[in-house]
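# Analysis of the macromolecular model
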Amino acid sequence: MKTTRPTRRTSLSSSAVDVGAAGAASSRLPLLRFFERHFLLVLVALYLAAFALWPLGQLFAEALAPNKDGVLFGTFLDQWESRSAIRALSHTLEASFLSTLVSVFIGAVAAVLLVLTDMRWKSAIVFMLLLPLLIPSQIMALAWIELTGPTSPILAPLGLAPEPGTTNPLYSKWGIVIVMGVEHAALVFLTVRAALSSLPMDIVEAARLAGARPLRIVMRILMPLAFPSVLSGAALAFVASIGNFGVPALLGIPGRYTMLTTLIYQRLQGFGPQVLGQVAALAVILTLIAAAGLLLRSLVARRFGAAIERSSAPLVPFPLGRARLPVEGVFLAFLAVIAILPLFALVGTSLLPALGVPLSLETLTLENYRFVLFGYEAAQRAFINSFALALSAAMISAAVALPLAYLSVIERRPLARLLDLFADAPYAIPGTVLAIAIIVVFLPPLPGLGVSLYNTGWIILVAYLARFLALVLRPTVAAMESLDPGMDEAARAAGAGMLTRLKAVVAPLLAPTLAAGGLLIFMQAFNELTVSALLWSSGWETLGVMVFFLHREGNTTAAAALATLALVAALGLAGIAALFARRLPSGVVPWRG
Amino acid sequence: MAGMTASGLGKRFGETDALRAVDLAIENGEFLALLGPSGCGKTTLLRLIAGFEVPDAGELHLGDEVVARAGWALPPEERNVGMVFQSYALWPHMSVADNVGFALKVRGLEAGECRRRIEDALELVGLGGLSRRKPAELSGGQKQRVALARCLAMQPSVVLLDEPLANLDAHLREAMQIEFRRFHREIGATFVYVTHDQSEAMALADRVAVMDRGALQQVAAPRELYAEPATEMVARFVGRGMVLPVTVVGQDSGFIVAEAFGAQMRVRGTAAAGEERLLCVRPADLALDGAGMEARVTAAAFQGAATIVSAQIEQGEHVLRLECHGLPPEEGAAVRISVRDGWLLPAGRA
C-alpha cells in the first residue's frame with residue numbers, strides 16, 4: 001500500500017474490460033425485468049386482499065344487507081330489536097368499562113411506583129405485571145377459577161374457599177371485571193411507564209427549586225404530564241376488553257353474563273351458519289365500539305401530545321425512605337396474589353385425581369398429564385394442530401412481511417404503502433369479528449374449486465394469516481426504515497435484481513427481526529382461542545379450544561393439566577423471545593420498553 | 001469505459017428544484033469533482049447518474065446509450081455503474097471477499113475468475129490479507145478501501161463516489177486522497193466525485209464542477225476555477241474570495257484598470273471602459289502598503305503563519321479580509337488597502 005507500484009495491467013484496468021461480463025447485466029430479458037418488478041407486489045396484494053380486505057368488506061356487506069322483509073340495513077337494525085343483543089351490548093360496555101378502571105388502577109400505580117420511587121425488586125415486579133400478557137385469556141380465567149372455587153387447592157386448606165357445592169363467585173360480572181382488569185393492566189402499565197420514563201429531570205429540579213416536595217411534584221407536575229398516557233393505556237385496555245373472548249367464555253357463560261363475543265359464539269354454535277347475517281351485524285357493532293376506542297386513543301395522542309424537551313437527564317427516582325419496605329411488601333404481595341397465586345392453583349388442580357380431593361403428597365398424581373398427552377386422542381390432535389397452525393402462520397407471515405415491507409419502505413411503491421396500512425386492521429379489530437368475516441367469505445365453496453374451506457383446518461390458517469401479519473410486519477417495517485439505504489443501493493449498483501437483493505442482502509440483515517416477529521406470532525397462535533373457537537371443526541381442534549371444552553365438559557383437572565402444559569410452552573417461548581430481544585432494537589418485542 | 005453526457009437534466013422534489021437544466025459532459029477516463037454547499041444538487045446529480053432517481057427533464061447518456069430521460073431511467077442494476085457510499089454501505093453479514101465479489105457472482109462469473117478479480121481488487125486497495133474479515137472487524141479507513149474495492153472489482157464504466165472521505169479523520173483523509181488519485185490512474189475509469197470540501201475537490205480532480213441551488217455554476221480545471229471564477233457564487237465559495245463592485249477605467253499592457261472606493265487597481269479579465277463590474281479578490285491579493293482604499297481595522301485574528309486582518313471600507317459597508325505578515329495594525333486603526341491582483345467576473349452572470 002505504501003509503495004507506489006508501476007502501473008500494471010490487472011484484471012481491473014480499463015483496457016482489460018470484459019465486455020461479456022459488463023453486458024450480462026444489461027442483457028437481462030425485458031420479460032424477466034417486468035416479472036421481477038411486479039410479480040412480488042401482485043402476489044402480496046392478492047394475499048392481503050384475499051385474506052384480509054375482501055373478508056372485512058364482505059362482513060360489512062353481509063351485516064348491512066336488507067333483512068328477510070327487504071328493509072334497507074334490516075339485518076343490522078333487527079339487532080336493536082333483539083333483547084339478548086341489547087343485553088350483551090350493555091354487558092360488554094359495562095364490564096369493559098369497569099375492568100378498564102381496574103387495569104388503570106393497577107397499571108398506573110405500578111408505573112408510578114416503578115419509575116418514580118427507589119423501590120427494589122423492580123425486575124420481579126415487571127415480570128409479574130407482564131406475565132398476564134404472555135398467558136392466554138382462557139388459561140388465566142381457568143387459573144382464577146381454580147383459585148377461587150370451592151375446591152381451590154390453595155384456599156381450601158386455609159379454610160378460605162367458598163362452601164362446597166356453592167357456585168364459584170367468579171362466575172359473575174365482577175369475576176369478569178377483575179380477571180380482565182388484571183389481564184389488561186399490563187397495557188396501561190407499559191404506556192404509562194414509557195411516558196413517565198421519558199420525562200426529563202430538569203422539570204423536577206425546577207419544581208424543587210420552587211420549593212415543592214416530592215409528593216407535590218408527583219401529583220402536580222409529573223402526573224398531569226403522564227395523564228394522556230393513562231388515557232391512552234385505558235383506551236387500549238378498553239378495546240382489549242371489548243374483544244376478549246376467553247374470560248367471558250369461561251366465567252360469563254356459566255355465570256349467565258353474556259357479552260357480545262360470547263353471544264356471537266353461542267348463536268353460531270347453536271344455529272350454525274344460517275345466522276351468519278345476525279352475527280355479522282353483532283360483529284359490526286363490536287367493531288364500531290373497538291374503533292371508537294382506538295379513535296379516542298389517537299385523539300388523545302394528537303390533543304395532548306405536547307412535545308416535552310428531552311434535553312436533560314432522565315428522572316432520578318424519589319426515595320421512599322422508611323416507607324420503602326412496607327410499600328415493597330404490600331405491592332409485591334398484591335402482585336403475587338393476582339399474578340402468581342392463580343397459576344399455583346392451576347398447577348395444583350392439574351395434580352389432583354379428581355375435583356374436591358384435597359391436595360397432599362399422597363393424593364398428588366400425574367394421571368391428568370398422562371391423559372391429555374397419551375390417553376385422549378383429541379387433546380393430542382389439538383397439540384399437533386395448534387403447533388402446525390402456529391408454525392405455518394409464523395413462517396408464511398414472515399415470508400410475506402419481508403417483500404411487503406421492502407416494497408413499501410425501500411421501493412416506496414404506493415400500492416405497497418397502502419397495503420402496509422391495511423395490514424394492521426385484522427389485528428386491531430376483535431378476533432371474533434375477523435373470524436366471522438372469514439366465515440362469510442370462505443363458507444361458500446371456493447370459486448373454480450367447488451370445495452369449501454369451512455369445517456377444515458385451512459380456514460383457521462387463513463384467519464391466522466390475516467390476523468397475525470401485523471405482528472411481524474410492524475417490526476420488519478421499523479427495521480427496514482432504520483436500514484442504511486446504501487445496503488440496497490450498493491447491491492443495485494452491483495447489478496443485482498430485486499429478487500437477488502431480497503435474498504442476498506435484505507433477508508439476511510432482517511433475519512433476526514423476522515425471526516422475532518415469527519416467534520411472537522407462534523406464541524399468540526399456539527394458544528389462540530378467540531378465532532379458533534368459531535372456526536374449529538371435529539378433527540381440527542386447537543389447544544385453546546381443547547382447554548375450553550375440557551373445562552366445560554367438567555373434566556377440570558384434565559383442562560388444568562392441558563392449560564399447564566400450554567402455559568409452560570408459552571413461557572418457554574417467551575424466554576426464547578427474550579434472548580432474541582436483546583439483539584433487537586427496542587420496541588420490537590412488546591415487553592421491552 | 002464510457003464518458004457521460006447530461007443535457008437539460010432536471011429533477012424536482014415536491015416544490016423544490018433539486019436540479020435545474022444541467023448540461024454537463026464528462027470525458028471518458030476523466031476525474032470530475034462535483035463541488036458545492038449542502039443542498040446544491042450535487043448528490044441528486046450523482047444519484048441520477050447511478051440510476052437511483054428518475055429525471056423530470058432532460059436526457060442522460062452513458063457512453064452511446066441513453067440511460068435516462070424525462071420520466072424514465074434505466075435501473076441501476078443494468079447500468080454497470082459503481083458507487084462508493086458515504087456510509088460505505090458494506091454488507092455486514094458478508095466477509096470482505098463476499099462484499100467485493102458480490103457483483104461478480106451476480107453476473108455469473110465462474111469461480112476462478114471471481115477469485116482472481118477479488119484478489120486483484122483487494123491487492124489494489126492494499127487489503128490483500130483481510131479477505132475473510134467481516135466489515136465490523138475493520139477500521140474506518142479499511143472499510144473505505146473495501147467499499148472502493150467492491151466498486152472496482154465489477155469494472156464499472158463509471159465510478160461514483162459520494163463524499164467517500166467525509167467520515168474519516170483529517171490525516172487519514174489526506175492519505176486517502178493520494179490513494180484515490182493512484183486508483184484512478186491505474187484503473188483508468190471515469191470517476192465522478194461528490195464533495196463539499198473545495199480543497200479535496202481541487203486536490204483530486206481533473207476538472208471541478210461547482211453547483212449551487214440546483215444549477216451548474218462553472219466547470220473548469222482547479223487552477224482556472226481558482227484564478228478565473230465565472231460567477232459571484234464560485235468567487236465567494238472557492239478560496240475564501242471576496243467580491244467588490246468596481247468601475248472599469250481602461251486598459252494597460254494586457255491588464256484592466258478599474259476603480260473602487262477611490263482607489264485604482266490593475267486586474268485581470270476582459271472589459272470595456274465605463275462598465276460597472278464585480279471584482280473577485282482573495283486575502284493574499286490584498287496588502288496594507290499605505291496606498292489604495294481607505295479602511296478601518298475591525299478585527300485581527302492571529303493564525304500562525306499570518307494574521308487575518310478584517311477591515312471595513314470607509315466609503316461602504318464592505319469588509320475585506322487580508323493576510324498580514326508581520327505586526328498587524330491595532331483594532332480601530334485607519335489603514336489603506338491596495339489590490340495587487342484580482343479577477344473581473346464576466347458580465348451578466350452575477
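Quick caveat, the model's predicted, so the values are computed rather than measured.

Rules behind the numbers
- Residues numbered from 1 in each chain as written.
- Chains lettered and ligands numbered in written order.
- Predicted model: local features only at pLDDT ≥ 70, side-chain atom pairs only at ≥ 80, totals over all residues.
- Heavy atoms only, no water.
- Salt bridge = Lys/Arg side-chain N within 4 Å of Asp/Glu carboxyl O.
- Buried < 20%, exposed > 50% of the residue type's maximum accessible area, 1.4 Å probe, protein only.
- Pairing = 2+ DSSP bridges.
- Helix = DSSP H or I, 4+ residues; strand = E, 2+ residues; numbered from the N terminus.
- Expected span 1.5 Å × (residues − 1).
- Bend = angle between axes of the 7 residues up to and from the residue.
- UniProt positions renumbered as here; feature names shortened; annotations may be inferred.
- Domains from an automatic or database assignment.
- Contact = heavy atoms within 4.5 Å.
- Buried area = accessible area lost by both parts, 1.4 Å probe.
- Polar contact = N/O pair within 3.5 Å; in protein donor to acceptor, adjacent residues only side chain to side chain.
- Patch = residues over 30% accessible without salt bridge, like charges linked within 9 Å, V, L, I, M, F, W, Y side chains within 5 Å.
- Areas by Shrake-Rupley, 256 points an atom, 1.4 Å probe, with all protein chains shown as cover.
- Phe/Tyr/Trp six-rings, centres within 6.5 Å; stacked < 30°, edge-to-face > 60°.

### Some thoughts on the pattern of salt bridges
A full pass over the atoms with the stated rule returns 34 salt bridges over all chains. A salt bridge links R413(A) to E411(A); the nearest nitrogen and oxygen atoms lie 3.8 Å apart. Using a relative accessible area of 8% as the deciding quantity, one classes R413(A) as buried. With a relative accessible area of 18%, E411(A) lands in the buried category. Residue E275(B) pairs with R277(B) through a salt bridge whose shortest N-O separation is 3.0 Å. Linked by salt bridges that have partners in common, E411(A), R413(A), D488(A), R492(A), R501(A) and E77(B) make up one network.

### As for the sheet that holds strand 18 (residues 307-313) of chain B
Residues and elements named next belong to chain B. The antiparallel open sheet is built from five strands, whose spatial order is 16-20-17-18-19. The strands lining the two open edges of the sheet, one partner per strand, are strand 16 (286-287) and strand 19 (319-324). Pairing of strand 17 (residues 293-302) with strand 20 (residues 334-339) involves four bridges; the strand directions are antiparallel. Residue pairing for strand 20: M293 is matched across the bridge by I337.

### Re helix 22 (residues 498-526) of chain A
Look at helix 22 of chain A: only 34 Å from first C-alpha to last across 29 residues, short of the 42 Å you get at 1.5 Å a residue. In helix 22 of chain A, a bend of some 55° at A511(A) exceeds every other bend along the element, and P512(A), a proline, comes one to four places later.

### Quick look at unusual backbone geometry
Residue and element names in this part refer to chain B. The phi angle at Q155 is positive, at roughly 45°, despite the residue not being glycine. Considering the arrangement of structural elements, one finds Q155 in the loop between helix 4 (140-153) and strand 8 (158-162). Take Q155: its relative accessible area is 5%, and that puts it in the buried class. Here the phi dihedral of S253 falls at roughly 40°; this positive angle occurs in a residue that is not glycine. Counting through the fold element by element, S253 comes out in the loop between strand 12 (242-252) and strand 13 (255-260). Given the relative accessible area of 60%, S253 is considered exposed.

### Things to note about the UniProt feature "domain: ABC transmembrane type-1" (unreviewed entry) in chain A
All names here are of chain A. Here, UniProt's "domain: ABC transmembrane type-1" (unreviewed entry) annotation points to residues 89-297 and 383-577. A distance of 21 Å separates the end C-alpha atoms of residues 89-297, which is 78% helix and 0% strand. Strand forms 0% of residues 383-577 and helix 79%; the C-alpha atoms that close the span are 21 Å apart.

### Considering the pairing of strand 11 (residues 215-220) of chain B
Residues and elements named next belong to chain B. Here five bridges tie strand 10 (residues 207-212) to strand 11, and the two strands are oriented antiparallel to one another. In the sheet register, V210 faces strand 11, and the bridge partner there is Q218. Taking the residues that link successive antiparallel strands as the turn, the strand 10-strand 11 hairpin has two residues, and the phi of R213 there is positive, at about 45°.

### Here we look at the domain arrangement of chain B
All names here are of chain B. Here chain B is partitioned into domain 1 (4-235) and domain 2 (242-344). The centre of domain 1, based on its C-alpha atoms, is set 39 Å off from the matching centre of domain 2. Every contact between the two is made by six residues of domain 1 and, on the other side, six residues of domain 2. Summing both partners gives a buried area of about 630 Å² for domain 1 against domain 2, and 54% of it is carried by carbon and sulfur. The largest contributions to the domain 1 side of the interface with domain 2 come from Y226, E232 and A235, which together make up 56% of the buried area. Taken together, the links from domain 1 to domain 2 amount to zero salt bridges. The tally of links from domain 1 across to domain 2 stands at three residue pairs in polar contact (both at pLDDT 80 or more). Contributing elements (two or more residues each) for the side of domain 1 that touches domain 2: helix 7 (222-227) and helix 8 (232-237).

### A word on a nonpolar patch on the surface
Residues and elements named next belong to chain A. A cluster of nonpolar side chains, contributed by F60, L64, V71, L72, F73, L77, W80 and I86, occupies part of the molecular surface with about 710 Å² of accessible area. On the secondary structure map, V71 appears in the loop between helix 2 (30-63) and helix 3 (74-79). A relative accessible area of 41% places V71 in the partly exposed class.

### Describing the sheet that holds strand 21 (residues 343-344) of chain B
All names here are of chain B. Strands sit in the order 14-13-12-15-21 across an open sheet of five strands; the sheet is antiparallel. Edge positions in the open sheet fall to strand 14 (263-267) and strand 21, since each of these has one partner strand only. Sheet analysis places strand 13 next to strand 14, joined by five bridges and oriented antiparallel. Along strand 14, the bridge assignment pairs A260 with A263.

### Considering the packing of aromatic side chains
Residues and elements named next belong to chain B. Tallied over the full model, the rule gives 18 aromatic pairs over all chains. Relative to F183, the ring of F180 has its centre 6.1 Å away and its plane inclined at 75°; by these criteria the two rings are edge-to-face. Taken as a pair, F180 and F183 lie in helix 5 (residues 170-187) at a separation of three residues, close to a single helical turn. Each member of the pair F180 and F183 is classed as buried.

### Description of the UniProt feature "domain: ABC transporter" (unreviewed entry) in chain B
If you check UniProt for "domain: ABC transporter" (unreviewed entry), the listed places come out as residues 4-238 of chain B in our numbering. Here residues 4-238 of chain B runs as 36% helix and 28% strand, with 25 Å between its end C-alpha atoms.

### Points about the pairing of strand 19 of chain B
Residue and element names in this part refer to chain B. Covered by surrounding structure in strand 19 are L320, L322 and C324 only, the residues V319, R321 and E323 on the alternate face being uncovered. As judged from the six bridges shared by strand 18 and strand 19, these two strands associate in the antiparallel manner. Looking across to strand 19, one finds that I308 is bridged to E323.

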